[in-house]
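Residue-level listing of the chains:
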Amino acid sequence: MKTRTLLLTVGSALILSACGGGGGGGGTSSSGGAVGTTPSTPNTPAPPVSTLSTITAANAVAVASNAFAATASISDSSSLTDVLTGVSIQPVNNGLVPTVFKLVRHAYEGPSLLTGVVQNKTCTSGGTIAIDATLKNPSMLGNGDVMTMTATNCVENGATLNGTLKVTFSNVTGDVLNSSTWTATLDSVFTDLALASTTNGVANVVSVGGDMKIAMNQENAARNTVTITGSSLQTTAKQNGTTVTTRTLSNYSLKGSTRDGVVTSGSANFALAGNTASLGQFSFTSQNTADFVNVIGKNANTGAMIVNGNASSVTLTALNDSSVRVDFSAKGDGVVTQSFTLSWAEFLSKI
Amino acid sequence: MTPIFRAGLAAALPLLLALPAHAQWQGGIALGARDARHTEYDQGGRRLVREQGWLPGVTLDAGYRSGDFTWFGALEWYRHDIDYRGQTQGGSAAGSTTSTGLAAVRLGGAYAIGAGYSAQAAFEVDRWKRDIQGNGSSAGLQETYRSRRLVAGMAKTWQPAAGTVSADAAVVLSEPERLHVGFSGLLDPVSFDTHRAHGWRIGASLRPALAPYLELRARYDWMTVPRSGDADITRNGQFAGTVAQPEHKRQALTLSVGYRF
């Protein structure tokens, strides 16, 4: 019996993405000389004002690092090969998707009892979960199944879950819970779903709210493809009770696949806004220019993405599985103003 | 028969049968049928369970009038299998049968105000036995609800040519139900309380002039009990989650034909 979880990691991965402007000087951007005056033409509409943040040389690496985090979970081997095993989500070292899918499985587990009183089930390592579901088959996930799960200090995969998740299933073929060949689409709505865990003595809490649609095609035990889309997903990350980041992902889409131990992720396209302690308020858009590819358990060895700010941009390129290059364009016109080469570990720490 | 009914019958029958008819004493025995409907709702207001069916039963009552005061007591017992339309705990639609027993004992008094009106109040103990049968693919539940209530209201009596007509209405205030649940051996039995509740009871009766010893009566009961808090459940002594009684509505239409003496 092989269990699969669907990839909400992108959604959780969206927790990681963020980056943005903030001021900061420095960099090699040129500044102009005297500014002449040009007679304005009456009735000429004012140019649109960009709401995106400005990317500077000082924050370019952090911008790229935060944006990459949005696609990192798709690149994460464990997230696709066996979605139950977990997705590394910084700073929370637990997968939201496998945790959530474990909750889904609770609705189909255990002996069947008729309703008179209603039962809240225990979670694997403590706490309870109340499942309000409409299922066609009590032992098999099917089209049209709807379930709302409310977790109360529910401990799964070493993380404590509180909050509500509603999932509607469609495009279901095969036995999602018990086979390696199946398809399914999950329309998910998070309502203050918080995932808490402790890593290296740091208490991390990630709260998620918003929508996410996950369409997954599991071809066999080692091959699958996933498409994740949504209109809005808000995440808040806290460490030791202090808010570290707040992010809102808008009109997002990501695609990924796993083939025999090699993970490919790309086609990411999203707008991200929020606030971090290091960057302040930010807003930018991001998209892949080349798919990231990595061997399971290692960093991407190829791939690229561009992050666009207000008349500025930064491009991340994976050189190999040990290092990356970050190219900053002060005018956002593709002309590289400044480049940074650093290790993957250092790059990922710049969030 | 429930212990409540046995005790009441043992006390009432000798009193009713041994004592000669007396102007101050009243009594009656009625055979009836009760259309009972029980529905449960989740926290979003969606209906989870609907049980409905007719239960045959019997009612015994006795009263003693002294001036404007009348003291009365009553026992009623209804039992039968009724239809269950609900779902499994996981949310799959399910049908079955519920073996249902409804018993109550009531003690109270009435005061004649005048012009045919009287004020009434009674203390009532209610017991609802609900055995939801397993249906082959899902195990059933064995539930017993006990509650104590205050029933207070008014009655009006008319004396048309056809006979004696009465109508009554009362508010019913209930203490939290004490609920005991068995899980067909899949979990350890558990007992817990629900919440206070209130409801209504209205009734009407006719004693025909041509047969004053007969009484035709109809009564409608309605009560909503809020969702209970969560109670821990165990399996072989180990914590296995929590259980709660959803918001439920109890409705019943009782029709009876009685003999008055």
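Note that the coordinates shown come from a computational prediction; the quantities given were computed from them, not determined experimentally. Positions within a chain are numbered from 1, following the residues in the order the chain's sequence is written. Note on labels: chains are lettered from A, ligands numbered from 1, in written order. Predicted model: local features are reported for residues with pLDDT of at least 70 only, side-chain atom pairs are reported and counted for 80 or more only, and whole-chain, interface and lining totals are derived from all residues. Each side-chain value is derived from all of the structure's non-hydrogen atoms; neither hydrogens nor water enter the calculation.

A word on the overall build of chain A. Helix and strand counts for chain A come out as five helices and 14 strands. For each residue, the accessible area found with a 1.4 Å probe, counting protein chains only, is set against the maximum for its type, and the residue is called buried under 20%, exposed over 50%, and partly exposed in between. When burial is assessed residue by residue, chain A has 49% of its 351 residues classed as buried. Contacts are residue-level and defined by heavy atoms, with any inter-residue pair within 4.5 Å sufficient. Relative to all contacts within chain A whose residues are 6 or more apart in sequence, the contacts with residues 24 or more apart total 58%. Helix numbers and strand numbers start at the N terminus; a helix is a DSSP run of H or I with at least 4 residues, a strand a run of E with at least 2.

This part covers the overall build of chain B. From N to C terminus, chain B includes one helix and 14 strands. Residues counted as buried form 48% of the 261 residues belonging to chain B. The long-range fraction of contacts in chain B, counting pairs at least 24 apart against all pairs at least 6 apart in sequence, stands at 61%. Only the protein chains shown count as cover for residues, and all accessible areas are computed by the Shrake-Rupley method using a 1.4 Å probe. In the structure as shown, chain B presents an accessible area of about 12500 Å², 60% of it carried by carbon and sulfur atoms.

With that out of the way, let us pick up the packing of aromatic side chains. The rule is short: rings of Phe, Tyr and Trp, with Trp giving its six-membered ring, pair when the centres are within 6.5 Å, and they are stacked under 30 degrees, edge-to-face over 60, tilted in between. Going through the model one piece at a time under the given rule, you end up with 11 aromatic pairs over all chains. Aromatic side chains A:Trp344 and A:Phe347 sit 5.9 Å apart centroid to centroid with 80° between the ring planes, which places their arrangement in the edge-to-face category. One end of the pair is A:Trp344 and the other is A:Phe347, both in helix H5 (residues 344-348) and three residues apart, which spans about a single turn. A:Phe347 carries the same exposure label as A:Trp344, and that label is buried. Pairwise contacts between aromatic rings join A:Phe68, A:Phe292, A:Trp344 and A:Phe347 into one cluster. Here, a charge over a ring is recorded when the distance from Lys NZ or Arg CZ to the ring centre is within 6 Å and its angle to the ring normal is within 35 degrees. Across the ring face of B:Tyr78, the terminal group of B:Arg34 is positioned such that the distance to the ring centre comes to 4.3 Å.

Moving on to the interface of chain A and chain B. Across the contact, 22 residues belong to chain A and 43 residues belong to chain B. Counting the surface chain A buries against chain B, the share from its top three residues, A:Leu113, A:Leu114 and A:Val117, is 32%. Any pair of N or O atoms that falls within 3.5 Å is considered a polar contact. Within protein, one atom must be able to donate a hydrogen and the other to accept it, and sequence-neighbouring residues count only if both atoms are side-chain atoms. At the junction of chain A with chain B, the criterion picks out 13 residue pairs in polar contact (both at pLDDT 80 or more). Here the residues of the side of chain A that touches chain B are counted per class, giving 10 nonpolar, nine polar and three charged. As defined by bridge partners, strand S1 (residues 118-122) of chain A adjoins strand S13 (residues 238-244) of chain B across four bridges and the pair is classed as antiparallel. Looking across to S13(B), one finds that A:Val118 is bridged to B:Ala244. Defined here as a combined quantity, buried area equals the accessible surface (1.4 Å probe) lost by two parts on assembly, summed across both. In this count, Pro and Cys sit with the nonpolar residues alongside Ala, Val, Leu, Ile, Met, Phe, Trp and Tyr, while Asp, Glu, Lys and Arg are called charged and the others, Gly among them, polar. Paired strands, as defined in this entry, are two strands with at least two bridges between them according to DSSP.

It is worth spelling out the pattern of salt bridges at this point. All names here are of chain B. Each salt bridge in this description consists of a side-chain nitrogen of Lys or Arg and a carboxyl oxygen of Asp or Glu lying within 4 Å of one another. The full count for this structure, using the stated rule, is 27 salt bridges over all chains. Between Asp 83 and Arg 85 there is a salt bridge, with its nearest N and O atoms 3.0 Å apart. Assessed through its relative accessible area of 60%, Arg 85 is described here as exposed. The residue Arg 178 makes a salt bridge to Asp 193 at a minimum N-O spacing of 3.0 Å.

This paragraph deals with unusual backbone geometry. Residue and element names in this part refer to chain B. Phi at Ser 184 takes a positive value of approximately 55°, unusual for a residue other than glycine. Looking at where Ser 184 falls in the secondary structure, it is placed in the loop between strand S8 (178-182) and strand S9 (190-193). Phi at Asn 236 takes a positive value of approximately 55°, unusual for a residue other than glycine. Here Asn 236 lies in the loop between strand S12 (231-235) and S13.

On to the nonpolar core, then. Note on terminology: a nonpolar core comprises buried Ala, Val, Leu, Ile, Met, Phe, Trp, Tyr and Cys residues joined through side-chain atoms within 4.5 Å. One finds A:Met147, A:Leu316 and A:Phe347 to be the most contacted residues of the largest nonpolar core, which totals 63 residues. Among the nonpolar cores identified, the runner-up in size contains 29 residues, and B:Leu48, B:Trp128, B:Leu187 and B:Val190 belong to it.

In this section: the environment of A:Leu186. All names here are of chain A. Relative to the helices and strands, Leu 186 is located in strand S5 (residues 182-199). Overall, Leu 186 belongs to the buried group, its relative accessible area being 3%. As for Leu 186 and Lys 166, which are separated by 20 residues in sequence, their C-alpha atoms are 9.5 Å apart.

In this section: the side chain of B:Gln87. Counting through the fold element by element, B:Gln87 comes out in strand S3 (residues 69-87). If near-sequence neighbours (up to four positions away) are discounted, B:Gln87 is found in contact with A:Leu113, A:Leu114, A:Thr115, A:Ala133, B:Arg46, B:Leu48, B:Ser92, B:Ala93 and B:Ala94.

Our next topic: the confidence of the model for chain B. Residues and elements named next belong to chain B. Averaged over chain B, the pLDDT score is 90; the fraction of residues at 70 or greater is 91%. Per-element confidence in chain B ranges from a low mean pLDDT of 49 for helix H1 (residues 3-18) to a high of 97 for strand S11 (residues 214-225). For every residue, the predictor states its confidence as a pLDDT score lying anywhere from 0 to 100. Note that residues 14-22 has pLDDT below 50 and, in this model, nine contacts with residues that lie over four places away or in other chains. Predicted as a complex, the structure gets a pTM of 0.69 and an ipTM equal to 0.77.

All names here are of chain B. Each patch groups residues whose relative accessible area exceeds 30% and which form no salt bridge, using 9 Å between like charges and 5 Å between nonpolar side chains of Val, Leu, Ile, Met, Phe, Trp and Tyr. On the surface, a nonpolar cluster with roughly 620 Å² of combined accessible area is contributed by Phe 69, Trp 71, Tyr 111, Ile 113, Tyr 117 and Met 154. Breaking the nonpolar patch down by element, the ones donating at least two residues are S3 and strand S4 (93-114). Among the structural elements, Tyr 117 can be located in strand S5 (residues 117-132). For Tyr 117, a relative accessible area of 41% gives the class partly exposed.

All names here are of chain A. Looking at chain A, the pLDDT average stands at 75 and 74% of residues meet or exceed 70. Below pLDDT 50 for its whole length, residues 1-39 participates in 153 contacts with residues either more than four positions away or in separate chains. Here residues 73-95 scores under 50 on pLDDT; set against residues more than four positions off or in separate chains, the count is 96 contacts.

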